[in-house]
Amino acid sequence: MFDINNILRENIKNLKPYSSARDEFQGEASVYLDANENAFGSPLEQQYNRYPDPLQMEVKKRLSDIKGVPTSNIFLGNGSDEAIDILFRSFCNPGIDNVILVPPTYGMYEVSANINNIAIQRMPLTTDYQLNVDGILNAINEHTKLIFVCSPNNPTGNSINRNDIETLLTSFNGLVIVDEAYINFSSQQSFIENLTQYQNLVVLQTLSKAWGLAGLRVGMAFASNEVIDVMNKVKPPYNINEASQQLALQALQNTEQVNSWIQEVLQERDKLIIQLQSLDFVLNIYPSDANFILVKTTDARGIYNFLVQHGIIVRDRSKVELCEGALRITIGKPEENSKLIETLKNFK
Ligand SMILES: Cc1ncc(COP(=O)(O)O)c(C=O)c1O
């Protein structure tokens, strides 16, 4: 049985969090002399002289409507990268605990583990980019705190079998983090709907991809109240700035625009796949549920350099385990995808 007290770091269990001025007084007042702000204003048209809401309640209320999850189950981070780091800092004892990663996958799990001095157990995906469930279950030991599964996976683009993730959720007494950064491009059901079923589930999503707000740095974690409370205790008090909160709230009203872009990306993805298949240096295009495709080629480095010379940048993943010869290509606007194809036709 999962019990958060069994995995929480002792120092975090005992942590008395920083209490900010905006935590201590909530409500409306006419004179704020509690936070050493500049009472005169900001040298800007927009006024940012006041600290933002530490718990970003307005943004969370809107997200709660969109996602169908209570605000108490939502954490907001300065990108989902911050949520990843906070999970390490909350649950993993440096030099003692370990996490399980399933490469090839998103690189920040490893970087965050290294920053926090947490050992990594690698259990590579199978050749069809699915979980080696038995390998993962056998690797779990008393110091294993987190398992990261990215679905749809970066850089391979495919979704991970739902049943396999559920096996991990039911068999593991630590946290299973399902990173759904690309879920809006997928026909798969989000694990958000399973939050009440699994106390050890953390779902990560972000406004950086389908929502088109990578520059604002707003990421989300959805989990049980207990896990969210810990993450809020550990995060820096004002981790989402006022401008990002206001703009995110504004953007979250415009679901229609985002849905229409998603449809366009999916159409462009299908078109690009067909066009790429006709190039003789393209060996394989892996099935994608994301806004990018992984393309196996005869000469990834050569193609990458050729594209750079023509002002087109893709991601060379050919040095990544199980991605030998592969380039990761983000789906762009129609004219960008056409330019890519026209340029590639000249590659010898
Ligand atoms: C799988 C995955 N998770 C998380 C992130 C980071 O997202 P954010 O911009 O919210 O930090 C990325 C960014 O590329 C990603 O590919």
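Residues numbered from 1 in each chain as written. Predicted model: local features only at pLDDT ≥ 70, side-chain atom pairs only at ≥ 80, totals over all residues.

Draft legend 1. Representation of the site of the ligand in the model. Contacts to the ligand come from Gly 79, Ser 80, Asp 81, Tyr 106, Cys 150, Asn 154, Asp 179, Ala 181, Thr 206, Ser 208, Ala 214 and Gly 219. Residues that form the shell around the ligand fall into these classes: four nonpolar, six polar and two charged. (Near = placed C-beta within 6 Å. Nonpolar A, V, L, I, M, F, W, Y, C, P; charged D, E, K, R; others polar.)

Draft legend 2. Spotlight on the sheet that holds strand S9 (residues 292-297). Read across the open sheet, the four strands follow the order S8-S9-S11-S10; overall the sheet is antiparallel. In this open sheet, the two strands that pair with only one neighbour each are strand S8 (282-285) and strand S10 (315-316). Of the strand pairs in this sheet, S10 and strand S11 (residues 326-330) are connected by two bridges, and their pairing is antiparallel. Opposite Asp 316, over in S11, you have Leu 327 as the bridge partner. Contacts from helix H12 (residues 300-309) reach S9, S10 and S11 within the one sheet, and its direction differs from that of S11 by about 35°. (Pairing = 2+ DSSP bridges. Helix = DSSP H or I, 4+ residues; strand = E, 2+ residues; numbered from the N terminus. Contact = placed C-beta atoms within 7 Å. Axes fitted to C-alpha atoms, helices over the stretch in contact; angles between N-to-C directions.)

Draft legend 3. Spatial organisation of the environment of Gly 79. Topologically, Gly 79 is positioned in the loop between strand S1 (74-77) and helix H5 (80-91). Sequence separation between Gly 79 and Gly 215 is 136 residues; the distance between their C-alpha atoms is 9.3 Å. Excluding residues that lie within four positions of it along the chain, Gly 79 makes contacts with Thr 206, Ser 208, Arg 217 and Gly 219.

Draft legend 4. Summary view of the nonpolar core. In terms of nonpolar packing, the biggest core is built from 83 residues, with Leu 87, Ile 147, Val 149, Val 176, Ile 177, Leu 201 and Val 202 touching the most fellow members. Considering each element in turn, this core owes the most residues, six residues, to H5. Both domains that meet at this core, namely domain 1 (4-253) and domain 2 (256-344), each give it at least three residues. (Core = buried A, V, L, I, M, F, W, Y, C linked by C-beta atoms within 7 Å. Buried ≥ 20, exposed ≤ 12 C-beta atoms within 10 Å, placed from the backbone. Domains from an automatic or database assignment.)

Draft legend 5. Representation of the packing of H5 against helix H6 (residues 108-115). Here H5 crosses H6 at 40°, and the two axes come no closer than 9 Å. The orientation of H5 relative to H6 falls into the category oblique. In the crossing of H5 with H6, the sense of the turn from one axis to the other is right-handed. Contact residues: H5 offers Asp 81, Ile 84, Asp 85 and Phe 88, while H6 offers Met 108, Tyr 109, Ser 112 and Ala 113. In terms of residue class, the contact of H5 with H6 is made up of five nonpolar, one polar and two charged. (Parallel < 35°, antiparallel > 145°, perpendicular 65-115°, else oblique. Left-handed = near helix turned anticlockwise from the far one by under 90°.)

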